[in-house]
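Listed here are the chains, written in short residue letters.
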Amino acid sequence: MSRFWSPVVHGLSPYVPGEQPKLDNLIKLNTNENPYPPSPRVLAAITAATDRLRLYPDPSAASLRETIAAYYKVAPEEVFAGNGSDEVLAHTFQGLLKHDGPLLFPDITYSFFPVWCQLYGVSHEAVPLDAAMRIEIADYRRPCGAIIIPNPNAPTGIALSRDAIEQLVSEHPDQLVVIDEAYVDFGADSAVPLVARHDNLLVIQTLSKSRALAGLRVGFAIGQKPLIEALERVKDSFNSYPHGGLAIAGAVAAIKDDAWFQQTRRRIMTSRDALSRGLTDLGFEVLPSAANFVFARHPRHGGADLAARLRAHGVLVRHFGKPRIADYLRITVGTDEECARLIDLAAGLI
Ligand SMILES: Cc1ncc(COP(=O)(O)O)c(C=O)c1O
């Protein structure tokens, strides 16, 4: 606290990211990182780009936007790229989600959403998930200024079908609907093909999870041109160079190496299904996940206690001490060895 703080700073409750421990020997299943390295072509591209470190990077990241556009079969003008999808989301909250009616999002969802609402003064209303922790499209039939939902939702991992997303978008033709697809590559259907026929849809993705580049900080949005223009206006009023040249080069290489991407994400989906089965066999209730994590609770053990005991044995998982989900653990899908270690440990603890 200081007398130099702007008034808005006093009211902030900042987002708390998952722990990034200093110890090397922990099994890290707490921040939904990819357990495998990125494509080797990423490292080669980054090395080659070091020649240009003296220069500012391209402020429009044209090569990256063109690569994303080609991959997702949209126009480069329909792509916005930012420093991680968190930055893309932040610009979206500021530039596209502040309206007279409240922004709607699920009561259980990405916990950064209310933080951006606070930072940018966006009024919001939480829409409860149903008893099975699912998003019900019908519950969003109420007056609102805009809607944002992750698909799959986080931290539940449960996905909506593309048809359900299209229904939501069609039912709110005068409101922007933002779909945060941070985990979509692990088994859900992307809403990107809907962008061409809906001017009120913005889809946001990241290279942090399925392309194993959390450390590079690259995310992007796909939507019709006026929406992208809003994000460009916010970006160019905030930071002209959100990506370093190394990040642009690495991200382009990652998107171009589709074989690596397909192989890695399939491997993770297979491990996820095995992890879910293993936990279910131990008596855990595991929500059906289409993400690179599972959300699970044990009927006889509290989430905080289990997370602390796993940590004492060198395995980090994420626990949210919040209403409705305090008994759950969010467990990132690691390598098969890491998942097996988690199952062995959990078997001894319950
Ligand atoms: C639902 C969701 N959206 C967005 C992000 C942000 O990812 P990044 O900023 O690394 O792209 C995360 C990160 O964990 C997330 O869980």
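Refer to the structure presented above.
Report follows, based on the coordinates. What you see is a predicted model, and the numbers here were worked out from it, not measured in a lab.

### Some points on the pairing of strand β3 (residues 103-106)
- The pairing of β3 with strand β4 (residues 124-127) spans four bridges and is parallel. Note on β4: the bridge partner recorded for L104 is E125.
- Taken together, β3, helix α5 (residues 113-120) and β4 form a β-α-β motif whose crossover is right-handed.

### Some details on the site of the ligand
- Among the 13 residues in the neighbourhood of the ligand, the closest are listed as S85, D180, Y183, T206 and S208.
- Measuring from an oxygen atom of the ligand, one finds a side-chain N or O atom of Y183 at 2.7 Å.
- Protein chains bury 91% of the 400 Å² of accessible surface belonging to the ligand in isolation.
- A per-element tally of the shell around the ligand places helix α4 (residues 84-96) first, with four residues.
- Tallied by class, the residues present in the shell around the ligand amount to five nonpolar, four polar and four charged.

### A word on unusual backbone geometry
- A cis amide bond links N151 to the next residue, P152, at an omega of -5 degrees.
- Take P152: it is sitting in the loop between β5 (146-150) and α6 (162-171).
- Of note, the amide linkage connecting A154 to P155 takes the cis form, showing an omega dihedral of 10 degrees.
- With respect to the helices and strands, P155 occurs in the loop between β5 and α6.
- The backbone of A61 sits at a positive phi, close to 45 degrees, despite the residue not being glycine.
- Residue class for A61 comes out buried when judged on its relative accessible area of 4%.
- Residue R324 is not a glycine yet carries a positive backbone phi of 80 degrees.
- Within the fold, R324 resides in the loop between β11 (315-317) and β12 (328-332).

Calculation rules
Residues numbered from 1 in each chain as written. Predicted model: local features only at pLDDT ≥ 70, side-chain atom pairs only at ≥ 80, totals over all residues. Heavy atoms only, no water. Pairing = 2+ DSSP bridges. Helix = DSSP H or I, 4+ residues; strand = E, 2+ residues; numbered from the N terminus. Right-handed = clockwise from strand over helix to strand, strands pointing away. Near = heavy atom within 4 Å. Polar contact = N/O pair within 3.5 Å; in protein donor to acceptor, adjacent residues only side chain to side chain. Areas by Shrake-Rupley, 256 points an atom, 1.4 Å probe, with all protein chains shown as cover. Nonpolar A, V, L, I, M, F, W, Y, C, P; charged D, E, K, R; others polar. Buried < 20%, exposed > 50% of the residue type's maximum accessible area, 1.4 Å probe, protein only.

Interpretation in functional terms is not warranted from these geometric data alone.
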